[in-house]
Amino acid sequence: MTRIVVDFERCEGHGLCEQTAPEVFRLDDEGELHLTRDEVDSEYESVVAAAVRVCPVAALKVQP
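Computed from a prediction, not measured in an experiment: that's the story for all the values here.

Draft legend 1. Representation of the sheet that holds strand β5 (residues 60-63) within the structure. Spatial strand order, β4-β1-β5: three strands in an open sheet with antiparallel pairing. Of all the strands in the sheet, the pair left with one neighbour each is β4 (39-40) and β5. As judged from the two bridges shared by strand β1 (residues 2-6) and β4, these two strands associate in the antiparallel manner. Its bridge partner being in β4, R3 is matched across the sheet by E39.

Below is the structure:
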């Protein structure tokens, strides 16, 4: 399992993570990020890694 870590103070609600991995990331109507799960298995690791790479403010990290 891979744990997703979000720096909510850094997150600006660009939505690129949601576009890249909508199974895991959701923005609410105010642009606040919510995770559908805190940890992902191998099925979602590649899409979460892609979302981490596209975040323009580096608010996302993963931990094994």
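Draft legend 2. Up close: the nonpolar core. With 15 residues, the main nonpolar core has I4, V24, F25 and L60 as its most contacted residues. For this core, the elements supplying multiple residues, two or more each, are β1 and α2 (42-54). Residue contributions to this core peak at three residues, all from α2. Not counting residues up to four positions away in its chain, the partners in contact with F25 are I4, C17, E18, L33, H34, L35, V48, A51 and L60.

Rules behind the numbers
- The written sequence of each chain sets the order in which its residues are numbered from 1.
- Local features in this predicted model are restricted to residues whose pLDDT is 70 or higher, and side-chain atom pairs enter the listing and the counts only when it is 80 or higher, whereas totals over whole chains, interfaces and linings include all residues.
- Heavy atoms throughout the structure, all of them, feed into the side-chain values; hydrogens and water do not.
- DSSP bridges decide pairing: two strands pair if at least two such bridges lie between them.
- For the purposes of this entry, the term helix denotes a DSSP run of H or I that reaches at least four residues, the term strand denotes a run of E that reaches at least two, and both are numbered from the N terminus.
- Side-chain atoms within 4.5 Å link the members of a nonpolar core, which is a set of buried Ala, Val, Leu, Ile, Met, Phe, Trp, Tyr and Cys residues.
- Between buried and exposed lies partly exposed: a residue is buried under 20% and exposed over 50% of the maximum accessible area for its type, with that area taken using a 1.4 Å probe on protein chains only.
- We call two residues contacting when some pair of their heavy atoms lies within 4.5 Å.

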